[in-house]
Amino acid sequence: MGHILIQDLAKRYQNRRQHSRKNDIHAHEKIITVLEDVNLEFQDGEMVCILGPSGCGKSSLLRIIAGFDRATSGKILIDGQPILKPSSDYIFVFQHNGLLPWMTVWQNVELGLRHLDNEAEKEETIQEYISMVELDGFESYYPHQLSGGMQRRAELARAIVVNPELLIMDEPFSGLDFLTHLKMREEVVNMHQFINKTIVIVTHDIDDALVMADRVVVMGNASTKNILLNRKLAFGHPRNIEKIEGLRELRDELYLMLGVNYAV
Amino acid sequence: MKRNPLFLSSVSFSLLILLWAIITYFGDFSEQIFPNPFLVLASGVELFNDGTLLKHVVASLYRVTIGFYLAVILGIPLGIVLGRKYLVRQLINPIIQFLRPISPLAWIPLAMLWFGIGDQPAIFLIFLSSFFPLVVATTMAVNRINPVYFHVAANFNFSQQEVIKKIIIPAILPEVLTALRLTIAIAWLVVVAAEMIAVQSGLGYLILDARNALRMDIVMVGMIVIGMIGVLLDLIMLRLAKNDAIGWNKAS
Ligand SMILES: Nc1ncnc2c1ncn2[C@@H]1O[C@H](COP(=O)(O)OP(=O)(O)OP(=O)(O)O)[C@@H](O)[C@H]1O
Ligand SMILES: [Mg+2]
């Protein structure tokens with residue numbers, strides 16, 4: 001389970017509040033096309049990393065996959081079923097402050113299990129996942145009492161405790177310091193190997209994609225071409241970019257594709 | 001050296017009373033116009049001892065409590081609905097914005113006509129004075145809730161009830177508590193004014209009655225008691241606002 005098929009997807013936004021001035025040539029452009037002709041297929045259990053310049057519609061795509069937003073046309077099938085509304089089968093991990101600030105770490109992790117009747121089993125599971133993200137002893141802390149990295153880990157625990165078919169992460173490492181970023185990345189890779197579910201991650205960091213991904217997708221603007229690259233990476237984990245020739249070449253290619261002459 | 005704030009405020013009040021005593025001692029005012037602090041104190045003690053003061057205080061507090069309570073249980077839910085439902089907001093908000101700037105005191109004639117003399121018109125005025133600020137503050141607070149939290153709620157299959165209980169209420173609680181604090185001060189202002197017209201009891205009535213009898217000492221007793229209860233109400237609301245339930249908000 002966790003197979004995703006995206007067919008001829010398009011997303012247009014209608015900008016309602018346009019402060020149009022007469023000499024503003026964009027004033028008449030009330031509809032902006034963010035996604036156009038997007039066709040993608042992710043296999044069950046794949047770790048998919050999506051790269052792309054700011055504003056190309058990565059978050060828009062993720063929101064549609066999660067059911068928070070509707071596509072203008074086209075369809076997305078998860079395991080053959082169209083998505084009609086958000087569900088705890090597809091958990092979204094937010095870029096900023098996804099934890100509910102008025103709930104402790106424990107209460108946040110409990111969200112997905114709140115309907116479980118067996119209290120003992122519930123507590124055991126919550127504790128297990130809090131331990132998995134190394135937050136033992138912080139159960140009764142509020143999000144604002146945690147560091148940025150700890151908050152992300154707590155949110156990760158909250159997401160995977162419900163055993164979702166699909167995990168959707170929008171820039172989960174942004175705003176973390178360099179070392180925390182690397183550690184979180186490693187944790188997500190380990191977690192992925194453990195839960196073996198499909199994960200779709202948007203990132204701005206090419207190395208993230210190279211180290212983590214089973215599949216790399218590079219997006220561009222809808223005005224040119226939305227999907228610039230969709231490639232499967234068949235490398236095992238852990239990966240050292242410097243030691244794998246294929247990854248080094250791909251890195252140069254990705255930099256070029258994203259408009260940086262890093263390689264030459 | 002850090003002094004106890006209670007100590008400092010007692011210093012400033014002592015100075016104020018001293019100033020008052022000096023002005024009345026040297027100022028050659030008639031007692032009917034500007035009574036001295038000792039006279040006011042004596043009248044206060046007398047009113048306290050014969051139970052008059054307590055009776056009026058209870059009458060005022062009763063009206064404020066009922067009016068304020070009604071405003072809270074009707075205003076906050078309405079504010080939540082207005083904050084969440086775009087269409088309802090477009091429909092109702094103009095009316096609220098129109099009624100809000102009309103001083104509750106302007107309602108006095110109608111209130112007396114509708115409810116007669118007694119507690120009811122006063123309670124109605126207090127209700128009006130608290131209701132609109134609470135609705136507006138709640139609507140704004142609900143509007144400001146980070147949409148991410150509603151996404152989280154949808155993602156974890158929250159029911160409508162859970163969204164209200166676990167997202168909206170905790171999220172708006174800090175702002176609503178602040179609004180309650182401001183609103184009870186308004187309600188307290190209005191009760192005194194309302195009692196000068198519509199009823200035969202309460203601190204407002206005490207002041208009006210004393211004025212008619214040219215007893216400025218009793219007028220001042222009334223004013224001082226009003227001030228003290230106002231401070232007390234504010235302290236109670238402040239304590240409420242330091243509630244554990246909004247401890248999470250400390251960071252912001
Ligand atoms: N709700 C919305 N209403 C109108 N326009 C929107 C809305 N959400 C996004 N857009 C527009 O869609 C475009 C793509 O936004 P999106 O957030 O998907 O980009 P992104 O690729 O995630 O960018 P970033 O890397 O900066 O996060 C932007 O031009 C943005 O202005
Ligand atoms: Mg984005």
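Residues numbered from 1 in each chain as written. Chains lettered and ligands numbered in written order. Predicted model: local features only at pLDDT ≥ 70, side-chain atom pairs only at ≥ 80, totals over all residues. Heavy atoms only, no water.

1. Thoughts on the overall build of chain A
Definition in use: Elements are defined by DSSP. Helices are runs of H or I of four residues or more, strands are runs of E of two residues or more, and each kind is numbered from the N terminus. As a reference, a globule follows 2.2 Å times the number of residues to the power 0.38, and the radius of gyration itself is taken over C-alpha atoms. Only protein chains enter the calculation, and the probe is 1.4 Å; a residue is then buried if its accessible area is under 20% of its type maximum, exposed if over 50%, and partly exposed in between. What makes two residues a contact is simply this: any of their non-hydrogen atoms within 4.5 Å. Areas reported here follow the Shrake-Rupley algorithm with a probe of radius 1.4 Å; residue values treat only the protein chains shown as occluding. Only four residue types enter the tally: Lys and Arg on the positive side, Asp and Glu on the negative side, with His and both chain ends excluded. Taken as the charge location is NZ of Lys, CZ of Arg, CG of Asp or CD of Glu.
In terms of regular secondary structure, chain A is built from seven helices and ten strands. In terms of overall size, chain A behaves like a compact globule, its C-alpha atoms giving a radius of gyration of 20 Å where 264 residues would be expected to give roughly 18 Å. C-alpha atoms of chain A, sized along the principal axes, occupy 60 × 50 × 40 Å. Residues counted as buried form 50% of the 264 residues belonging to chain A. The long-range share in chain A, meaning contacts at least 24 apart out of those at least 6 apart in sequence, stands at 69%. Surface accessibility of chain A: about 13,000 Å² in total, with carbon and sulfur atoms responsible for 48%. Placing the 28 positive and 37 negative side-chain charges of chain A at their respective mean positions leaves the two points 9 Å apart.

2. Digging into the site of ligand 1
Residues and elements named next belong to chain A. What counts, and what does not: Residue proximity to a molecule or strand is established when one non-hydrogen atom of the residue lies within 4 Å of it. Polar contacts here mean pairs of N or O atoms no more than 3.5 Å apart (in protein, one a potential hydrogen donor and the other a potential acceptor; neighbouring residues in sequence count only if both atoms are side-chain atoms).
Every one of the 14 residues lining ligand 1 counts as a neighbour, but Ser54, Gly55, Lys58, Ser59 and Ser60 are closest to it. At 2.5 Å, a side-chain N or O of Ser54 approaches an oxygen atom of ligand 1. Contributions of two or more residues to the shell around ligand 1 are made by strand E2 (31-42) and helix H1 (58-66). When residues in the shell around ligand 1 are grouped by element, the largest group, four residues, is from H1.

3. Section: the interface of chain A and chain B
Definition in use: Put simply, buried area is the surface a 1.4 Å probe can reach on two separate parts but cannot reach once they are joined, added for both. When a carboxyl oxygen of Asp or Glu lies within 4 Å of a side-chain nitrogen of Lys or Arg, that pair is called a salt bridge. Each residue is assigned to one class: nonpolar for Ala, Val, Leu, Ile, Met, Phe, Trp, Tyr, Cys and Pro, charged for Asp, Glu, Lys and Arg, and polar for all the others, Gly among them.
Contacts between the two partners involve 23 residues from chain A, matched on the other side by 18 residues from chain B. Of all residues in chain A, Trp102(A), Arg114(A) and His144(A) bury the most surface against chain B, accounting for 34% of the area lost on that side. In this assembly, chain A and chain B are joined by one salt bridge. As a salt-bridge pair, Arg114(A) and Glu162(B) come within 2.6 Å of each other at their nearest N and O atoms. Along the contact surface separating chain A from chain B lie nine residue pairs in polar contact (both at pLDDT 80 or more). Top element by residues in the side of chain A that touches chain B is strand E6 (residues 90-93) of chain A. It accounts for three residues. Counted by class, the side of chain A that touches chain B contains 14 nonpolar, seven polar and two charged residues.

4. Describing the sheet that holds strand E1 (residues 4-14) of chain A
All names here are of chain A. Note the threshold: One bridge is not enough; two strands pair if DSSP finds at least two bridges between them. The axes used here are C-alpha line fits, helices contributing only the stretch in contact, and every angle between their N-to-C directions lies in the interval 0 to 180 degrees.
Taken in spatial order, the four strands make up an open sheet running E2-E1-E4-E5, and their pairing is antiparallel. Unpaired on one side and paired on the other, E2 and strand E5 (81-82) mark the two borders of the sheet. Examined bridge by bridge, E1 and E2 share eight bridges and lie antiparallel to one another. In the strand pairing of E2, Leu5 is matched with Glu41. Docked against the sheet, H1 engages E1, E2 and strand E4 (73-78), running at close to 120° with respect to E1.

5. As for the UniProt feature "domain: ABC transmembrane type-1" (unreviewed entry) in chain B
What counts is decided by this rule: UniProt positions are given in the numbering used here, feature names are shortened, and annotations may be inferred rather than shown by experiment.
Mapped onto this numbering, the UniProt entry annotates "domain: ABC transmembrane type-1" (unreviewed entry) at residues 57-237 of chain B. Taken as a whole, residues 57-237 of chain B contains 84% helix and 0% strand, while its terminal C-alpha atoms sit 19 Å from one another.

6. Details of the sheet that holds strand E7 (residues 166-170) of chain A
Residue and element names in this part refer to chain A. The strand order across the open sheet formed by six strands is E6-E7-E8-E3-E9-E10, and the pairing between neighbours is mixed. For this open sheet the edge positions go to E6 and strand E10 (227-232), each flanked by a neighbour on one side alone. In this sheet, neighbouring strand axes are inclined to one another by 15° on average, regardless of whether the strands run parallel or antiparallel. Relative to E7, E6 runs parallel, the two sharing four bridges.

7. Looking at the packing of aromatic side chains
For clarity, the cut-off: Under the pairing criterion, centres of Phe, Tyr and Trp rings, with the six-membered ring standing for Trp, must be within 6.5 Å; the plane angle then separates stacked pairs below 30 degrees from edge-to-face pairs above 60, leaving the rest tilted.
Scanning the entire structure with this criterion turns up 13 aromatic pairs over all chains. A centroid spacing of 6.0 Å and a plane angle of 15° characterise the contact between Phe68(A) and Phe94(A), whose relative ring orientation is stacked. Within this pair, whereas Phe68(A) is found in the loop between H1 and E4, its partner Phe94(A) is found in the loop between E6 and helix H2 (105-110), the two being separated by 26 residues in sequence. Considering the side-chain rings of Phe127(B) and Phe131(B), the 5.0 Å spacing of their centres and the 25° angle between planes classify their relative orientation as stacked.

8. Let's talk about the UniProt feature "transmembrane region" (unreviewed entry) in chain B
All names here are of chain B. Mapped onto the present numbering, the UniProt feature "transmembrane region" (unreviewed entry) falls on residues 66-86, 98-117, 123-142, 186-208 and 220-241. Between the end C-alpha atoms of residues 123-142 there is a gap of 27 Å, over a span that is 100% helix and 0% strand. For the annotated span residues 220-241, helix accounts for 100% and strand for 0% of the residues, and the straight-line distance between the end C-alpha atoms is 31 Å.

9. What about the pattern of salt bridges?
Overall, the coordinates contain 19 salt bridges over all chains when judged by the stated rule. Arg231(A) is the partner of Glu253(A) in a salt bridge, and the nearest nitrogen-oxygen pair spans 2.8 Å. Of this pair, Glu253(A) sits in helix H7 (residues 245-257) while Arg231(A) sits in strand E10, and the two are 22 residues apart along the sequence. In this structure Glu253(A) comes out as partly exposed when scored by relative accessible area, which is 29%. Here Arg215(B) ties to Asp217(B) by a salt bridge, and the two come within 3.0 Å at their closest N and O atoms. Through salt bridges with shared partners, one network takes in Glu46(A), Arg215(A) and Lys232(A).

10. Examining the environment of Leu47(B)
Residue and element names in this part refer to chain B. When you line up the elements, Leu47 lands in helix H2 (residues 37-49). In this structure the C-alpha to C-alpha distance between Leu47 and Ile218, which are 171 residues apart in sequence, comes to 8.5 Å. When near neighbours in sequence (up to four residues on either side) are disregarded, Leu47 contacts Thr52, Leu53, Ile218 and Val221.

11. Examining unusual backbone geometry
Residue and element names in this part refer to chain A. For the bond from His237 to Pro238, the omega torsion is -5°, close enough to zero to count as cis. Summarising the element assignment, Pro238 is placed in the loop between E10 and H7. Although it is not a glycine, Asp8 sits at a positive phi angle of roughly 45°. By secondary structure assignment, the location of Asp8 is in strand E1. Here Asp8 falls in the partly exposed class, since its relative accessible area comes to 46%.

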